[in-house]
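# Per-entry structural report
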Amino acid sequence: MFVPHTEEQKKEMLRTIGVSKFDDLLAGLPPSLLRPNLGLPSSMSEMELLRHMEGLAQKDHLAQSYLGAGAYEHFIPTSVWALALRGEFATAYTPYQAEASQGTLQSIYEFQSLIGELFAMDVANASMYDGASAAAEACLLAAKHTERPVILIPETVHPQTRQVIETYLAHSGARIVVLPCPDGVLSLDTLKKNLGGDTAALLIQNPNFFGCLETNLHEAAAAAHAAGALVIASSYPVALGMISPPGEYGADIAVAEGQPLGLPLGYGGPYVGLFACKTELIRKMPSRIVGQTLDRDGKRAFVLTLQAREQHIRREKATSNICTNQALCALASTIHMSLLGKEGLRELADLNFQKAHYAAGELQKRGFAPVFQQPFFNEFTVRCPVSPEKIADRLAEKRVLAGLPLGPYFKDRADQLVVCVTEIKTKADIDEFAGLLEAACR
């Protein structure tokens, strides 16, 4: 650890505050807290520590992963992070001396422009913490904008996203109503029965948590709007290379987890939340917006145009307490999207679609029947001949993640498994996986 003070300076500071040594400042603490026995091993040299960490990393190696459900294994070109980690780009946050950091502001402006185009929405912000917090902020925005308390959320929205939303709404006066979806997608009849004068918004995820593609998006959006509610669309960015973006079916707010756009899988992050909306909601949007202008010499320049956070405006007028944006992650996503381009995104989506459908067919041949008769993108839900947890445990012994058992999230779906197949997998990988699943049932 780097400590900039000399020993003499430290002694001078202690003399100034009237103590002789640092421990005197801690004299009031119980000894058990002052010197707790943490059971830690002895310290290591840098060389020993590197070897230790390499050993831990070896244990983490997976042969294959078919686990999706919000975090996806996609190929990331080496150039993405080679560029993102260049010294002139590398920063984790929105700059606090914003206009002095024109390069960072330009990268955020480009990110916003790409996200707006990807979602076919009017405006996008500088990013959020992750997809779940973006969805929760969208619900707060909808409740404040409509002055209504109810957010309708189909059970096909990721359960963990629902939990985050419940936490955000806990003291807001708003609440969520979960809509049952026994067929794997939201039915219009169910939606219309629950829409009312107190509905602030419908939040719909596409593709949804079960992997199904929602088939009535235009009709659902029209029904919500007819009831005076907003429509919040949660998307999987890679799927937008193949399916309609939120703006085309009338979404007022679009959110997503941006991890599939150039961010590696980690232990839960860091990820990046995507957030876009219609122009009329721009002043209620959380986070920040970077805008383009001209400086006094008539040259193009970038500025922080809107930042409706508590730190900058009166608390009662703030839209959110989110403090910053995920600048480095957003930069990597910007580079990734730029390298892919429109055609590359279409090809990537097609690869995911084709490989997942091949896998679904191979699994069905081995007794893993599809649960839902709905179109899907790169995830699908199958019914397992034996406990999905048992299958997952057996494949984990071979360093393969079999998918996500649904039992912990839905008691009536304890025999079901959500499987994800991305462009990473080869035909040989999928054939081997199908064989492993079949063997795990014996």
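Residues numbered from 1 in each chain as written. Predicted model: local features only at pLDDT ≥ 70, side-chain atom pairs only at ≥ 80, totals over all residues. Heavy atoms only, no water.

## Side note on the pairing of strand β15 (residues 416–420)
By the criterion of burial, β15 is predominantly enclosed, with 5 of the 5 residues buried. Side-chain alternation along β15 places Q416, V418 and C420 on one buried face and L417 and V419 on a second face that is also buried. Where strand β12 (residues 379–383) and β15 come together, 5 bridges link them in antiparallel fashion. By the bridge assignment for β15, E379 is matched with C420. One ladder, built from 2 bridges, connects strand β14 (residues 404–405) with β15; its direction is antiparallel. Bridge pairing in β15 places P405 opposite L417. (Buried < 20%, exposed > 50% of the residue type's maximum accessible area, 1.4 Å probe, protein only. Helix = DSSP H or I, 4+ residues; strand = E, 2+ residues; numbered from the N terminus. Pairing = 2+ DSSP bridges.)

## Topic: the environment of L304
With respect to the helices and strands, L304 occurs in strand β10 (residues 300–307). A residue is classified by how much of its surface remains accessible, and L304, at 14% relative accessible area, is buried. Distance in space between the C-alpha atoms of L304 and A126 is 9.7 Å, their sequence separation being 178 residues.

## Remarks on the packing of aromatic side chains
Evaluated as defined, the whole model comprises 10 aromatic pairs. Seen from their ring centres, Y109 and F302 are 5.2 Å apart, and the 50° between their planes marks the pair as tilted. With Y109 in helix α5 (residues 102–119) and F302 in strand β10, this residue pair connects regions lying 193 residues apart in the sequence. The class for F302 is buried, based on a relative accessible area of 3%. Here the aromatic rings of F210 and F372 are separated by 5.1 Å at their centres, their planes lie at 35°, and the arrangement is tilted. In this pair, F210 is assigned in the loop between β5 (199–206) and α9 (217–226) and F372 in the loop between β11 (369–370) and β12, connecting sequence segments 162 residues apart. This pair shows no difference in class: F210 is buried, exactly as F372 is. (Phe/Tyr/Trp six-rings, centres within 6.5 Å; stacked < 30°, edge-to-face > 60°.)

## Examining the pairing of strand β3 (residues 150–154)
Buried residues dominate β3, accounting for 5 of its 5 residues. Residues V150, L152 and P154 point to one face of β3 and I151 and I153 to the other, with burial holding for every one of them. Pairing geometry for β3 and strand β4 (residues 175–179), over 5 bridges, is parallel. For I151, the partnering residue across the bridge sits in β4 and is I176. Handedness of the crossover joining β3 and β4 through helix α7 (residues 159–169) is recorded here as right-handed. (Right-handed = clockwise from strand over helix to strand, strands pointing away.)

## Thoughts on the layout of surface pockets
The volume enclosed by the largest pocket comes to roughly 1,200 Å³. G68, A69, G70, A71 and Y271 are, among the 45 residues lining the largest pocket, the residues nearest its centre. In terms of residues, the lining of the largest pocket owes the most to one element, helix α6 (residues 131–146), which gives 3 residues. In this structure, the second largest pocket spans a volume of roughly 380 Å³. Only α5 and α10 (327–365) provide two or more residues apiece to the lining of the second largest pocket. (1 Å grid on protein atoms, 1.4 Å probe; cavity = no way out; pocket = protein on both sides within 12 Å on 5 of 7 lines; lining within 4 Å. Points joined across faces, edges and corners; volume = space filled by probe spheres on them.)

## Observations concerning the sheet that holds strand β8 (residues 273–277)
Pairing in this open sheet of 7 strands is mixed, and the strands run β2-β8-β7-β6-β5-β3-β4 from one edge to the other. Bordering the open sheet on either side are β2 (123–124) and β4, each of which pairs with just one other strand. As defined by bridge partners, β2 adjoins β8 across 2 bridges and the pair is classed as antiparallel. Bridging from a neighbouring strand, V123 pairs with C277 of β8. In the packing of α7 onto the sheet, contacts are made with β3, β4 and β5, and the angle to β4 comes to roughly 155°. (Contact = heavy atoms within 4.5 Å. Axes fitted to C-alpha atoms, helices over the stretch in contact; angles between N-to-C directions.)

## Side note on unusual backbone geometry
Omega for the bond connecting N206 with P207 falls within 30 degrees of zero, at -5°, which places this linkage in the cis form. On the secondary structure map, P207 appears in the loop between β5 and α9. The phi angle at A120 is positive, at roughly 55°, despite the residue not being glycine. Non-glycine residue E147 carries a positive phi angle of around 60°. Residue placement: E147 occurs in the loop between α6 and β3.

## Points about the side chain of H336
Considering the arrangement of structural elements, one finds H336 in helix α10. The class for H336 is buried, based on a relative accessible area of 4%. If we ignore the near neighbours within four places in the chain, the residues touching H336 are F75, I76, P77, V80, P260, L261 and G262.

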